[in-house]
Amino acid sequence: MDRRLREIKALLQAHEIKKAEYAVAQLVKSRQTDFERAQVLLERARIYFISQRPELSIQDLTKIGRYSPTLFEKPGTQELLADGYFARFELSAIGFSNRDDLDEAQRIYQNIANHAVSYVNIGWVYYQLGRLHILKDQSDAAIQCLCSALVSPSKIENLHSYCYERLSYIALYEYRRSSAALQFINTAIQVVTRNDDDWWFQLQELKGRIQNAQGILDPEVIESITSLAANSSDRTFTFGLYYTAGELLTHHEGYITQAIEYLNNAIDIAKPAKGIDVAMSRCSELLGDCRLHLGDYEPAIYAYEQSLRFNAYHPLEASILFRIAKCYYQKRDYQRVIDNVKKIEVYAARDNIHLTDYRIYDILGNAHFVLGQYRRAAQAYEVALKLVANGTPDAEKIRLYYHFAIQLI
C-alpha cells in the first residue's frame, strides 16, 4: 500500500493527473484498513482538487473523518479541505456561488493559523486568508495576512510572487496608489522562482493596467503577452492573451490599429460560443470602439451588434445601442439613428431603467431635424434640455436647435 501511494504522489508531482486517477481507482478496489482507506481518499481528493472538481474533493475529504479522525485533523488535510471550499466558490458560475463556501474556507484557514503555527505550509494558509479578505473588501486584514505569508514557511515555490501581486492589486484598486502598485508588481515579477505561463501573463496584465492608470504604455509588457500568445496551443489561454494586449492598447492614442489586430486575433482564435459569452461580447465591444475611433463606421456597427449577440443581457446595452446610433449618424443614415434610439427606449422600459444621458435625445433631435421632422426634433431636444447640465456648451447648442425646430414647425 505504501509503495502504491508513493507512486500516486509521484504521478501527481509529475502532473500525470489521469494516470494518478487511474492508479487511485485501482487502489480503491483493494482491501484496506480504515487508515489505508483514509489515505486513499486523501489522494483521490487531491486529484479531484487539482483537476478542478472541488465538489468531489470536499466529499472525499469529509469521509476521511469516519476512517481516521487523526488524519482528518492534520493541517495538510484541513488545508486541502479549505482550498476545496474556496475553489468551489471561485469556480461557480456567476450568480450561483455560495457565500457559505467562502465563510467555511475562512473558518478552516483561520483555525490552522491559530492552532498550527509551525505547519510547514502555513505561508500558503496566510496567503489564502489574504485573498479571502480581499473578496470581502477587508483590505487592511488582507495586507496583514499577506505580510504574514511573506515571512512564513511554505512549500509553494512562487508564494512570494503571489503575495506581492495581491499587494499590488490592493494598492491599485483599493487605495488608488499606482506608484506603490507598480513597485509591488515589479517585485512580484522579480521573485518568480518557477516558470508558469498563466502566472507570468497575470503579472504582465496587472502591470499593464497599473501603467494604464499612470498614462504609460510599456511595449515590453505587450511584447511579453503577445509572445506567450504566439507560442501557446491553448485556444482559451491564447484568446485571453490577445484580448488583454488589445484592451491595454486601446487606452493609448496611436496604437488603435495594433489594438484592432490583437482583438481580431482573439476573435479568430476563440472557441465557438454556446449561449452567452461575456468575454467575446466585451472583445467585440472594444473592437467596435476602436473602429468608431478611426471612423470605420460599418465595421464598428458590425462589432457592436456582435457584442449584443454574444450577450443578450448586456448591462451596457443602451450604451452600445447609442454608439451604433452615433455610427449611423456619421454615415448620414438618420432613420437608423432614430430606430436605434427607439431600441434604447424599449430596452429602458423593459428593464425599468430611467435614461439620464442627454446625448441620446440630442442625437435623436438632430436626426429628426435633418429629416425635416421638426416637431419630433423639438420634443427630443426638450427631453435633452431636461437632462443636460446648464451652462455647458452642449446645453447652449441644444437650446439653440430647440428654438430653431420650434420656429420651423
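Residues numbered from 1 in each chain as written. Predicted model: local features only at pLDDT ≥ 70, side-chain atom pairs only at ≥ 80, totals over all residues. Heavy atoms only, no water.

Attention now goes to the packing of helix α11 (residues 178-190) against helix α12 (residues 197-213). In the contact formed by α11 and α12, the axes pass within 10 Å of each other and the chain directions differ by 160°. What the angle tells us is that α11 and α12 run roughly antiparallel. For the crossing formed where α11 meets α12, the hand is left-handed. Every residue of α12 that contacts α11 at Ser178, Ala181, Leu182, Ile185, Asn186, Ala188 and Ile189 is listed here: Trp200, Leu203, Gln204, Leu206, Lys207, Ile210 and Gln211. Across the contact of α11 with α12, the residue classes tally to 9 nonpolar, 4 polar and 1 charged. (Axes fitted to C-alpha atoms, helices over the stretch in contact; angles between N-to-C directions. Helix = DSSP H or I, 4+ residues; strand = E, 2+ residues; numbered from the N terminus. Parallel < 35°, antiparallel > 145°, perpendicular 65-115°, else oblique. Left-handed = near helix turned anticlockwise from the far one by under 90°. Contact = heavy atoms within 4.5 Å. Nonpolar A, V, L, I, M, F, W, Y, C, P; charged D, E, K, R; others polar.)

Attention now goes to the nonpolar core. Ile64, Tyr109, Tyr127 and Leu129 are the most contacted members of the largest nonpolar core, which totals 53 residues. The leading source of residues in this core is helix α8 (residues 122-135), at 8 residues. Apart from residues no more than four positions distant in its own chain, isoleucine 64 is found in contact with Ala38, Leu41, Leu42, Pro69, Leu71, Phe72 and Thr77. Listed in part, the 38 residues of the second largest apolar core include Tyr347, Ala367, Ala380 and Ala384. (Core = buried A, V, L, I, M, F, W, Y, C linked by side-chain atoms within 4.5 Å. Buried < 20%, exposed > 50% of the residue type's maximum accessible area, 1.4 Å probe, protein only.)

All right, on to the environment of isoleucine 134 then. Following the sequence through the fold, isoleucine 134 ends up in helix α8. Through-space distance from the C-alpha of isoleucine 134 to that of tyrosine 169 is 9.4 Å; in sequence the pair is 35 residues apart. Filtering out sequence-adjacent residues up to four positions away, isoleucine 134 remains in contact with Ala142, Arg166, Tyr169 and Ile170.

A separate point is a nonpolar patch on the surface. Together, Leu400, Tyr401, Phe404 and Leu408 line one region of the surface with nonpolar side chains, adding up to about 350 Å² of accessible area. Its place among the elements puts leucine 400 in helix α22 (residues 393-408). (Patch = residues over 30% accessible without salt bridge, like charges linked within 9 Å, V, L, I, M, F, W, Y side chains within 5 Å. Areas by Shrake-Rupley, 256 points an atom, 1.4 Å probe, with all protein chains shown as cover. Salt bridge = Lys/Arg side-chain N within 4 Å of Asp/Glu carboxyl O.)

Let's shift gears to unusual backbone geometry. Of note, arginine 332 is a non-glycine position whose phi angle comes to about 65°, a positive value. Mapped onto the elements of the fold, arginine 332 is located in the loop between α18 (317-330) and α19 (334-350). Residue class for arginine 332 comes out exposed when judged on its relative accessible area of 66%.

Time to look at the confidence of the model for the protein. Detailed reading of the predicted coordinates is not advisable wherever pLDDT is low. Here the protein averages 92 in pLDDT, while 99% of its residues score no lower than 70. Confidence, expressed as mean pLDDT per element, reaches its minimum in the protein at helix α1 (residues 2-13) with 73 and its maximum at α8 with 98. (pLDDT = per-residue confidence, 0-100.)

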